Amino acid sequence: MRRRRPAVVAMLAAAALTLAGCGLGSEDSGGSGGAKPTVDANAQVTGEVSFQTWALKPKFTSYVEGVIKAFEAKYPGTKVTWLDQPGDGYDKKVLSQASAGQLPDVTNLPPDFALSLAKQNMLLDVAAADPKIKDEYVEGGVQAYQYQGMDGTFGYPWYLNTDIDYWNATKFAAAGLDVKNPPKTFDELLAAAKVMHDKTGGKEYLMSRLPGIGDFTNAGVKILSDDGKKFVFNTPEAAALLDKYRDAYKAGYMPRDILTNEYLGNSKLFTQSKVAWTTGGGNAIQDFVKDNPSLKGKVVPSPALDTPPLYVQGLSVSAKTKNQAAAIALARFVTNAENQAAFAKIVNIFPSTKASASDPYFSKSDGTPESDAKVLAFESLAKAKVLQPPVISGATNDFIGQQISLAIAGKISSQAALDAAVAKANQLLTQ
Amino acid sequence: MRHQRWFTPWVLVIPALTWLLVFNLWPSINTVILSFTNAKPLGGGTFVGLKNFETLLHDEQLRWALLNSVIYMVVCLPFLTVLPLLLAVLVEKKLPGITFFRTAFYTPVVASAVVVALIWQWILDDRGLVNGLAEKLGVISGPLPFLSDQWLLLLSAISLTIWKGLGYYMIIYLAALGNVGRELHQAAAVDGAGPLRRFVHVTIPGVRGTMILISILISVSALRVFSELFILSGGKGGPGGRDNSVVMLIQQYSQGFEGNLGYASALSIVLFFVTVVPMLILARLNRRGAEA
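Just so it is clear, the structure is predicted and the values come from calculations on it, not from any experiment.

Definitions and cut-offs
- Counting restarts for each chain, with residues numbered from 1 along the sequence as it is written.
- Chain letters start at A and ligand numbers start at 1, both assigned in the order the entries are written.
- Only residues with pLDDT of at least 70 are given local features in this predicted model, and only at 80 or more are side-chain atom pairs given and counted; all residues enter the totals for whole chains, interfaces and linings.
- Water and hydrogen atoms were dropped before computing side-chain values, which therefore reflect all heavy atoms in the structure.
- Put simply, DSSP H or I for four residues or longer makes a helix, DSSP E for two residues or longer makes a strand, and each gets a number counted from the N terminus.
- The atom set for the radius of gyration is the C-alpha atoms, and the globule formula is 2.2 Å times the number of residues raised to the power 0.38.
- Only heavy atoms matter for contacts: two residues are in contact if any of them lie within 4.5 Å across the pair.
- Burial here depends on accessible area, computed with a 1.4 Å probe over protein chains only, as a share of the maximum for the residue type. Under 20% is buried, over 50% is exposed, and the range in between is partly exposed.
- Here a salt bridge means any side-chain nitrogen of Lys or Arg lying within 4 Å of a carboxyl oxygen belonging to Asp or Glu.
- At least two DSSP bridges between two strands are required for those strands to pair.
- To get an axis, fit a line to the C-alpha atoms, keeping to the stretch in contact for a helix; angles then go from 0 to 180 degrees between the N-to-C directions.
- Defined in terms of a 1.4 Å probe, buried area is the accessible area two parts forfeit on being brought together, summed over both.
- Two N or O atoms count as a polar contact when they lie within 3.5 Å, although within protein this holds only if one can serve as hydrogen donor and the other as acceptor, and sequence-adjacent residues are included solely when both atoms are side-chain atoms.
- Working definition of a nonpolar core: buried Ala, Val, Leu, Ile, Met, Phe, Trp, Tyr and Cys residues. They are joined through side-chain atoms within 4.5 Å.
- UniProt positions are given in the numbering used here, feature names are shortened, and annotations may be inferred rather than shown by experiment.
- Any pair of Phe, Tyr and Trp rings, taking the six-membered ring for Trp, is counted once the centres come within 6.5 Å. Such a pair is stacked with planes under 30 degrees apart, edge-to-face with planes over 60 apart, and tilted for the rest.

Novice: Mind showing me how you'd approach the overall build of chain B here?
Specialist: Scanning chain B for helices and strands turns up 13 helices and zero strands. Ordering the α and β elements of chain B from the N terminus gives α-α-α-α-α-α-α-α-α-α-α-α-α. Since a compact globule built from 292 residues should have a radius of gyration of about 19 Å, the 24 Å found for chain B marks it as more spread out than a globular shape. Referenced to the eigenvectors of the C-alpha coordinate spread, the extents of chain B come out at roughly 80 × 70 × 35 Å. Here the analysis covers contacts within chain B between residues at least 6 apart in sequence; of these, 68% occur between residues at least 24 apart.

Below, the structure written as structure tokens:
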């Protein structure tokens, strides 16, 4: 018996080694106002500064290097070290940098990434050093980096995007629908989905996605309480929206597999010509045709249903930067109207500066569907809104999606699904 | 050289010991510590006592995940313990062209789990190969919801795991069969035993230890299943998350900047104990068998 105890301990320890290990981070600072800069926008700009982008190499290497060269020429004595991280696992890379206290001086962070870092006082309130930010950048872009319950603006808006609608003209014609007059609201979409289903004997689908938080926002449902501390989207209006989806699903207007589809499932199905509607950015037609050349000439764009979503990318400045003046100057320089416009023209995204609004490149179409789509997306930005609050974490989003799919499948009532989703979301928010 | 100092062996062991402590033991201890906190990736969090464990007692998602993991293990265990042995016995024979079959059975093992799961997703979806063929043959009137029904999705993932695991365990059995004495088979044959009796009375006892080892490996893998369910369910764990496995839950809770590391660690502890139980049962069975 005596020899057994060490053996059991050793076995347990060996088995425990297979468990995932996680590093303890720093103590929660509990800050709610973010880190304030100690320099203003007019401080002397010199010295070294690091700049991290997200998957811009090698496609946009020459553009970024050109901007960096121009910055170094404008501010003699500065030197920019450019780091570009791969697209996959960017959040993990930023997390490890932040945990190790090695966040680059200027980093490309979308608003939800920036929120977590700002809560830990790891980002500078750039508006405190540079009050003109509100005058020079579009309102939605700036607001994306301002968070409920926190004072400050935690990033310069860099570039924007939105989704518009895309329709398959051939499928519309086969169902007797007019692609030149596509649905403009969710209710019109439902009606068209019924027509397509009925006219094709249930062989063709128009809709192919489950609703999400953005659809609730679009339907006028309040997602968060005013103080940002509680989720409140379990309203009768949200339940009514889910009921509409459930009825459409039950009637066979949507493929059954959407219950387990990935986020981009509807665009995949559209590309495969399995459904007649999807949403996508202003340059999505090129991707559809690249992946399925038979779609060439068949894709017709139109403005997004109801309120278009606003997607924002920005540049944040590390609170630990040893060169605040140069870091702020670099973030401002990369995101200025001239550099953003140049970038937007090679990437097919949209600039976030007010000065770019009158650029004819974005506002005039050459008559092709691709160009129409770009102009439609650009015009949509004026009324686009961030439809999903950045406080929604991955686990919260997953749970909400699971409850929604249960309701759509008819396993539980819409209200029960929403109540469960809100209860879990609130539990995760306060943990 | 003869007068070796007492600390010399310890000096030699230090690099390996350091590696073991820092990269193996510490993360495990850290997981236990984290399970008593509300830690997030960017904050150590605070001590919350047993709160995470209390929460998981009432967590419906965990109940489904545990049920799925147990079903996974119970179904996979007999299939993956017996079928690879039969395959190994078949391909062990030195016949012309047998290498082709060995390779064919092993091919799914070397294919990436993600690629395999994606291919199966295409095969099983409503307009996929299986439903299309069955509809054309008139076997079914409408597509079977392999990927949108809670139980069919689980069954599809289990089938995928069995299909992918056959070749792997077959190779282990092939190695074990090489150690079963040929003279035993010859003696049994001389005594009048047919192929079936030789299989039951010579082959199976000869690979008994390997069968136990394979059973343990299968149990642990089945309880820790991730890729198959993740891909087939589009990362969502099926309708309502009811096709989640415990590992998928851990992944869901720990992902992103706002990941709940404390709760995910508590789930890891649960998985640890769930995994250890069948290991202990099978190890005890092995010992009893050896003593008998």
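There's more to say after this.
Novice: Can you help me understand the overall build of chain A in this one?
Specialist: The helix and strand tally for chain A stands at 19 helices and nine strands. Once the C-alpha set of chain A is aligned to its principal axes, its extents read approximately 80 × 70 × 40 Å. Split into buried and exposed, the 431 residues of chain A put 52% on the buried side. In chain A, the proportion of contacts linking residues at least 24 apart, taken out of those at least 6 apart, comes to 74%.

Novice: Is there a simple way to explain the pattern of salt bridges in this structure?
Specialist: Where side chains of opposite charge bring their charged atoms close, a pairing between them can arise. On inspection of all chains with the given rule, the structure shows 15 salt bridges over all chains. Between Glu204 of chain A and Lys171 of chain A there is a salt bridge, with its nearest N and O atoms 2.7 Å apart. With Glu204 of chain A in the loop between helix H9 (186–199) and helix H10 (213–218) and Lys171 of chain A in helix H8 (residues 169–174), this pair connects stretches of sequence that are 33 residues apart. Judged by relative accessible area, which is 23%, Glu204 of chain A ranks as partly exposed. On the basis of relative accessibility, which here comes to 11%, the residue Lys171 of chain A falls in the buried class. Across the salt bridge formed by Asp215 of chain A and Arg209 of chain A, the nearest N and O atoms sit 3.1 Å from each other. Residue Asp215 of chain A is classed as buried on the basis of its relative accessible area, which comes to 15%. Among the charged side chains, a network of salt bridges with common partners joins Lys119 of chain A together with Lys40 and Glu258 of chain B.

Novice: Just checking my understanding: could you explain the sheet that holds strand S7 (residues 299–302) of chain A for this structure?
Specialist: Remark on secondary structure: sheet strands pair via backbone hydrogen bonds, oriented parallel or antiparallel. All names here are of chain A. The strand order across the open sheet built from three strands is S6-S5-S7, with neighbouring strands paired in antiparallel fashion. A strand with exactly one partner marks an edge of an open sheet, and here the two such strands are strand S6 (277–280) and S7. Taken pair by pair, the neighbouring strands of this sheet meet at an average axis angle of 30°, ignoring direction. Bridge count between strand S5 (residues 164–168) and S7: four bridges; the pairing is antiparallel. Its bridge partner being in S7, Asp165 is matched across the sheet by Ser302.

Novice: How should I be thinking about the interface of chain B and chain A in this particular structure?
Specialist: It is common to report an interface's size as the accessible area lost on association of the parts. With 50 residues of chain B at the interface, the matching set in chain A holds 51 residues. Where chain B abuts chain A, roughly 4,700 Å² becomes buried across the two surfaces, and 56% of that area is made up of carbon and sulfur atoms. For the salt bridge of Lys119 of chain A with Glu258 of chain B, the shortest nitrogen-to-oxygen distance reads 3.2 Å. Viewed at the interface, chain A and chain B are joined by twelve residue pairs in polar contact (both at pLDDT 80 or more).

Novice: Explain the sheet that holds strand S8 (residues 310–317) of chain A here, please?
Specialist: Residues and elements named next belong to chain A. Strand order in the open sheet made by the six strands is S2-S1-S3-S8-S4-S9, with mixed pairing throughout. Either end of the sheet is taken by a strand with one partner, and the two such strands are strand S2 (78–85) and strand S9 (350–351). Against the sheet, helix H3 (residues 90–99) contacts strand S1 (47–54), S2 and strand S3 (106–109), and its axis sits at roughly 150° relative to S1.

Novice: When you look at the nonpolar core in this model, what are you seeing that I'm missing?
Specialist: Note on soluble globular proteins: their nonpolar side chains tend to be buried together. One finds Phe51, Leu117 and Tyr166 of chain A to be the most contacted residues of the largest nonpolar core, which totals 82 residues. If you tally residues by element for this core, the top one is helix H14 (residues 324–334) of chain A, at nine residues.

Novice: Before we go on, may I ask you to explain the UniProt feature "domain: ABC transmembrane type-1" (unreviewed entry) in chain B in this structure?
Specialist: The UniProt entry lists residues 66–282 of chain B under the feature "domain: ABC transmembrane type-1" (unreviewed entry), expressed in the numbering used here. The distance separating the terminal C-alpha atoms of residues 66–282 of chain B is 19 Å; by composition the span is 75% helix and 0% strand.

Novice: Before we go on, may I ask you to explain the environment of Ile328 of chain A in this structure?
Specialist: All names here are of chain A. The residue Ile328 is located in helix H14 in this model. C-alpha separation for the pair Ile328 and Gly89, spaced 239 residues apart in sequence, amounts to 26 Å. With sequence-adjacent residues up to four places away left out, Ile328 is seen in contact with Pro37, Val39, Leu124, Ala129, Tyr156 and Val317.

Novice: Would you explain the side chain of Ser219 of chain B in this entry?
Specialist: Inspection of the secondary structure puts Ser219 of chain B in helix H10 (residues 208–223). Residue contacts for Ser219 of chain B: discarding those within four places in its chain leaves Met73, Leu77, Pro278 and Leu282 of chain B.

Novice: Looking at this model, I keep getting lost on the side chain of Asp215 of chain A. Mind explaining?
Specialist: If you trace the backbone, Asp215 of chain A turns up in helix H10. In this view, Asp215 of chain A contacts Arg209, Leu210, Leu241 and Tyr245 of chain A; residues no more than four positions away in its chain are not counted.

Novice: For this particular structure, what's the right way to read the packing of aromatic side chains?
Specialist: Pairs of aromatic rings are described using the distance from one ring centre to the other and the angle between the two planes. All chains considered together, the criterion is met by 36 aromatic pairs over all chains. Between the aromatic rings of Tyr137 of chain A and Tyr156 of chain A, the centroid separation amounts to 5.9 Å while the plane-to-plane angle is 65°, which identifies the pairing as edge-to-face. In this pair, Tyr137 of chain A is assigned in the loop between helix H6 (133–136) and helix H7 (139–143) and Tyr156 of chain A in strand S4 (residues 156–162), connecting sequence segments 19 residues apart. Each of the two residues, Tyr137 of chain A as well as Tyr156 of chain A, counts as buried. Taking 5.5 Å as the distance between ring centres and 90° as the angle between the ring planes, the aromatic pair formed by Trp6 of chain B and Phe7 of chain B counts as edge-to-face. One aromatic cluster is present, formed by Phe51, Phe60, Tyr63, Trp158, Tyr159 and Phe343 of chain A through successive ring pairs.

Novice: Looking at this structure, how should I read the UniProt feature "transmembrane region" (unreviewed entry) in chain B?
Specialist: All names here are of chain B. Per the UniProt record, the feature "transmembrane region" (unreviewed entry) sits at residues 7–26, 70–91, 103–123, 151–176, 206–226 and 261–283. A helix fraction of 100% and a strand fraction of 0% characterise residues 70–91, whose end C-alpha atoms lie 31 Å from each other. With 100% helix and 0% strand, the stretch residues 151–176 has end C-alpha atoms that lie 36 Å from each other.

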